[in-house]
Amino acid sequence: MAINYQDRIPNNVDLGSNRTLQRALEHWQPEFLNWWQELGPRDFQVADVYLRTATSVDAKGWATYGFVRMPDYRWGIFLADRDAERKIGFGDFYGQEVWQQIPGEYRSILRRLIVTQGDTEPASVEQQRMLGHTAPSLYDLRNLFQVNVEEGRHLWAMVYLLHAYFGRDGREEAEELLERHSGDANKPRILGTFNEPIRDWLSFFMFTYFTDRDGKFQLKSLAESSFDPLARTCSFMLTEEAHHMFVGDTGINRVVRRSLEVMKELGTEDPMAVRNAGAVDLPTVQKYLNFWFSSSLDLFGSETSSNAASYFANGLKGRPDETHYEDHIAKEQSYTLELPDGAGGVKSEAIPMRNAMNEVTRGSYVTDCDLGVKRWNRVIEKAGYSFRLSLPSTRFRRNIGIWAGVPTDPTGRPITREEFDARIGDWLPSDGDRAHIMSLMQGVHEQGKMAAWIAPPDRGINNNPVDYEYVKLH
Ligand SMILES: [Fe+2]
Ligand SMILES: [Fe+2]
């Protein structure tokens, strides 16, 4: 169905035919706008930003570009088209009709899954709200705001499901999504990573590369759901999410490229020399990578999980790209985990495959993360340097799961707590590293200019030049 932009709430779900639902969402809309004004991007609400807006949900031409003030962005409800032939793709109900309504017995679990996903969307807007001031260019400022408005739309996507399918509990959950806030001591966001402040642009690029990619894999798992409206909602969100990861991928690439340029100019790889020249040294890039990658790994949950097993058995949440697997029932298979043996070593243990679904999804995520690392390393290699970035082991610095609190080095080798504490500054950003990054964060808001710590992008947005005036400040 085409997107209706005539209604107060843009939608492609024929919202006008359900007056109760329409009224409920029109009641939530001003609360959302208040939240955006209060906790959305700080101080740029009257700027005209070159943003894309969804016009249709098919792969081609879903976006139109134009200058919009962020509070006027047309947030709405967009679901991928319904496939009348779609069948349940995994679990105990494999091959049956997908559900257009929620079976009563799965109501509270599905609500929890939707709320947990929904909570991350406004959280990231809150985490990033101060970054506009320190943007390295108007191009980057625009990308930040594009990500922010789309995370706002993802909140709309989840709130629609809560309102449309969960009655009063759903409406209450929708209110609470605006009441919890990132980093709030009393009412924090649900997941840890979404309470970490993002004060600098290196963290922002790491977040969009690693944490938005967690979002991608969660959405891919939910896009397999037997609850068809959830699957269709998540399918469309994935097309928006791709841009967020692009921002992270190219952002890190540009930081690395600038670092290499400076190394070349100075004729040295000395990190301190690179810093003194106003760039980010590669060892610091690695430390930020270690921090955000390990933090994002926790979002997948525990390696062995009876919840994950029941989500899979009941068809609520599947594996990303379920069609790529041969056995969609996964009842007889097992998965071999490596876990701490309690004596400073590692042991193996086979667990039922269904209980390992979090780990299976995490594994796909790690493989996907590594593609970018390989690309960044090719840039370093081409420049003639031997330094290489790498993903730390999934055992490193974990706070959730079987490796939680077990000290290991970045290769995953268990070490003593003393050794870990002694070497933490080599592996994670130290106060000094953070102070250096913060010292680089001077906003560049002049058309055609780029901060000295980052290389310009290869191309602009929507075929515009890199030095286009992507944000018109007033
Ligand atoms: Fe999102
Ligand atoms: Fe995102």
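Structural notes, computed from the coordinates. What you are looking at is a predicted structure, and each value in this text was computed from that prediction instead of being measured. (Residues numbered from 1 in each chain as written. Chains lettered and ligands numbered in written order. Predicted model: local features only at pLDDT ≥ 70, side-chain atom pairs only at ≥ 80, totals over all residues. Heavy atoms only, no water.)

Moving on, we get to unusual backbone geometry. Look at Asp321: it is not a glycine, yet its phi comes out positive at around 55°. Within the secondary structure, Asp321 sits in the loop between helix 9 (306-313) and strand 3 (334-340). Although it is not a glycine, Asn462 sits at a positive phi angle of roughly 55°. Its place among the elements puts Asn462 in the loop between helix 12 (431-440) and strand 5 (471-472). Overall, the relative accessible area of 38% leaves Asn462 in the partly exposed class. (Helix = DSSP H or I, 4+ residues; strand = E, 2+ residues; numbered from the N terminus. Buried < 20%, exposed > 50% of the residue type's maximum accessible area, 1.4 Å probe, protein only.)

What follows covers the coordination of the iron ion (ligand 2). Looking at the iron ion (ligand 2), one finds its protein donor set to be Glu151 (OE), Asp212 (OD), Glu241 (OE) and His244 (ND1), positioned 1.7 to 2.2 Å from the metal centre. Coordination geometry of the iron ion (ligand 2): the four donor atoms subtend angles of 92 to 169° at the metal centre, consistent with an arrangement described as irregular. As a motif over one chain, the donors of the iron ion (ligand 2) read E-x60-D-x28-E-x2-H. For the pair the iron ion (ligand 2) and the iron ion (ligand 1), the metal-to-metal distance amounts to 3.4 Å, and Glu151 bridges them. (Donors = N, O, S within 2.8 Å, 3.2 Å for Na, K, Ca; no water. Tetrahedral: all angles 85-135°; square planar, octahedral: opposite > 155°, others 65-115°.)

Taken across its seven residues, strand 1 (residues 48-54) has seven buried, putting it largely inside the fold. On strand 1, burial covers both faces: Asp48, Tyr50, Arg52 and Ala54 on one face and Val49, Leu51 and Thr53 on the other are all buried. Pairing of strand 1 with strand 2 (residues 63-69), which is carried by seven bridges, proceeds in the antiparallel orientation. Each bridged residue has a counterpart across the sheet, and for Arg52 the counterpart in strand 2 is Tyr65. In the sheet, strand 1 pairs with strand 5 via two bridges, with the strands oriented antiparallel. Its bridge partner being in strand 5, Asp48 is matched across the sheet by Lys472. (Pairing = 2+ DSSP bridges.)

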